[in-house]
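# Results of the structural survey
Spelled out, the chains give:
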Amino acid sequence: MPDRNRAPAVAPEMEWDSPMYKEAVSQFQNVAEKMGLDDNIRERLTMPQRSLVVTFPYRTDEYSKVRTAYGYRVQHVLTMGPTKGGIRYAPDVNLGEVAALAMLMTWKCALVGLPFGGAKGGVRIDPHAVSRRELQRVTRRYTAEVIGMIGPQTDIPAPDLGTDERVMAWIMDTYSQHQGHAVPAVVTGKPPELGGSVARREATGRGIISLLPSAAMRCGVAVDGARVVIQGFGNVGRYAAIAAAEVGCRVVAVGDLTGAIHNGNGLEVGRLARYVDEVGGVKGFPGADEITSDELMAIDCEVLIPAAVGGVIHAGNAGDIRARLILEGANNPTTLEADRILLDRGVLIVPDIICNAGGVTVSYFEWVQDLQNYFWSENEIVSRLREIMIRAFESVLEVSIREKVDMRTAALMRGIERVARAKLVRGVYP
Ligand code: GLU
């Protein structure tokens, strides 16, 4: 007899339903099938435990004008500890996207062994189209709207696409004002003056490059002199570029919202970073050729690092990619179709949930430091980060070889398995 009360894998009427959410669920279902995951746990994990949608007003700089914005916070799994994940500001962010990214955060945290479930938040605004004062008002009001959900023991936000240290400082301040005392541990990725951790800003980029030697060895690429292409030059791409140059790679092309540039002899990344700080983007960087964003993805290179938005590697350009190794710095940069095309072509993809886990790992260090009021040295942080990243990579590689699956499937298996075990031992209340 069919179980009429069992919720369908992806119900069309789900509030958070969207193409991105469907993709995250279908990825999860495929892996769950391979693992023979318990049906009860499988159904539970396809749905986030808590989702909050808010709409709220904010004043524009023209005082009499008030606009309304949408805001979201989703907590996927509350089983292993507080939930953790960034807040993104983007003009098209929606509940489905936030729910999908919250799910990815669950697998990411479990995979690297952090005591968190996954969460994500978002505000549907274009952060580049509002003033600093407007951004501050939006942030403070959004924080007030989700204040019942966040907290150092419940849910700890961090930066994501379109947000930064400044935004985290405003969230920390708003939350602390409501509590009546300073609560640094409510967010991570804060400025160091407020209890932010040293090396958090560079953590995601550094973490990606810490995996480069092991990943390069796996696909027969020499790190010294390897040509690297980076799509995105924000918090992730910039520090990945600097770290790649430090280990002897040649960063030959970089692209961002303003355009893309190429120099076969290698770009001077330190000078490029200063140039971007001054003019706001990579376009026009002296000593490099301008190329289109399509050309960027097709440049002859050994390593490609997508480090900005999702979905940039898709069925339309996967066939043109010439890199032998893809290090996913962004969340969800490769569509499922592109993933299959690249795997068939023998390209090694180190998936987002392991590759960009350096950010949340140093966030974890920041949270621990804030709770203990005891701060670590940069050396301690960088070496612990490396150790955790490499350990996670090796454990995923081991699953990938043993189960004869690609790295993405292996990483998901590792993450899902840990969450499933925790759910089983906690049982169901009541
Ligand atoms: N937004 C980052 C991510 O997607 C960092 C999250 C965090 O530090 O909590 O992993």
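A tally of helices and strands in the protein chain yields 15 helices and twelve strands. Its C-alpha atoms give the protein chain a radius of gyration of 21 Å, near enough to 22 Å, the size a compact globule of 430 residues would have. Overall size of the protein chain, expressed as C-alpha extent along the three principal axes, is 60 × 60 × 45 Å. The burial tally for the protein chain puts 57% of its 430 residues in the buried class. Taking the intrachain contacts of the protein chain between residues at least 6 apart in sequence as the baseline, contacts between residues at least 24 apart amount to 67%. For the protein chain, the accessible area works out to roughly 18,500 Å², and carbon and sulfur atoms hold 49% of it. Measuring between centres, the 48 positive side-chain charges of the protein chain sit 3 Å from its 51 negative side-chain charges.

Now for the sheet that holds strand E1 (residues 50–59). Strand order in the open sheet formed by five strands is E1-E2-E4-E3-E5, with mixed pairing between adjacent strands. Looking at which strands have only one partner, the edges of the open sheet turn out to be E1 and strand E5 (155–159). Direction aside, the axes of adjacent strands within the sheet are offset by 20° on average. Bridge count between strand E3 (residues 83–89) and strand E4 (residues 117–123): five bridges; the pairing is parallel.

What the seven strands build is an open sheet, ordered E9-E8-E7-E6-E10-E11-E12; its pairing is mixed. For this open sheet the edge positions go to strand E9 (289–291) and strand E12 (348–350), each flanked by a neighbour on one side alone. When the angles between neighbouring strand axes are averaged without regard to direction, this sheet yields 20°. Relative to strand E10 (residues 303–306), strand E6 (residues 227–231) runs parallel, the two sharing four bridges. In the sheet register, Gln 231 faces E10, and the bridge partner there is Pro 306.

Our next topic: empty space enclosed by the protein. Once rolled over the atoms, a probe with the size of a water molecule shows which space is left empty. By the definition in use, this model includes two cavities of 30 Å³ or more. Its boundaries defined by the atoms lining it, the largest cavity holds a volume of some 80 Å³. In terms of lining residues, the largest cavity is bounded by 13 residues, among which Glu 23, Gln 27, Asn 332, Thr 334 and Leu 336 are the most central. Among the elements that make up the lining of the largest cavity, the one with the highest residue count is helix H1 (residues 19–35) (three residues). Partitioned by chemical class, the residues of the lining of the largest cavity number four nonpolar, four polar and five charged.

Thresholds applied
Residues numbered from 1 in each chain as written. Predicted model: local features only at pLDDT ≥ 70, side-chain atom pairs only at ≥ 80, totals over all residues. Heavy atoms only, no water. Helix = DSSP H or I, 4+ residues; strand = E, 2+ residues; numbered from the N terminus. Rg over C-alpha atoms; globule rule 2.2 N^0.38 Å. Buried < 20%, exposed > 50% of the residue type's maximum accessible area, 1.4 Å probe, protein only. Contact = heavy atoms within 4.5 Å. Areas by Shrake-Rupley, 256 points an atom, 1.4 Å probe, with all protein chains shown as cover. Lys, Arg positive; Asp, Glu negative; His and termini not counted. Charge placed at Lys NZ, Arg CZ, Asp CG, Glu CD. Pairing = 2+ DSSP bridges. Axes fitted to C-alpha atoms, helices over the stretch in contact; angles between N-to-C directions. 1 Å grid on protein atoms, 1.4 Å probe; cavity = no way out; pocket = protein on both sides within 12 Å on 5 of 7 lines; lining within 4 Å. Points joined across faces, edges and corners; volume = space filled by probe spheres on them. Nonpolar A, V, L, I, M, F, W, Y, C, P; charged D, E, K, R; others polar.

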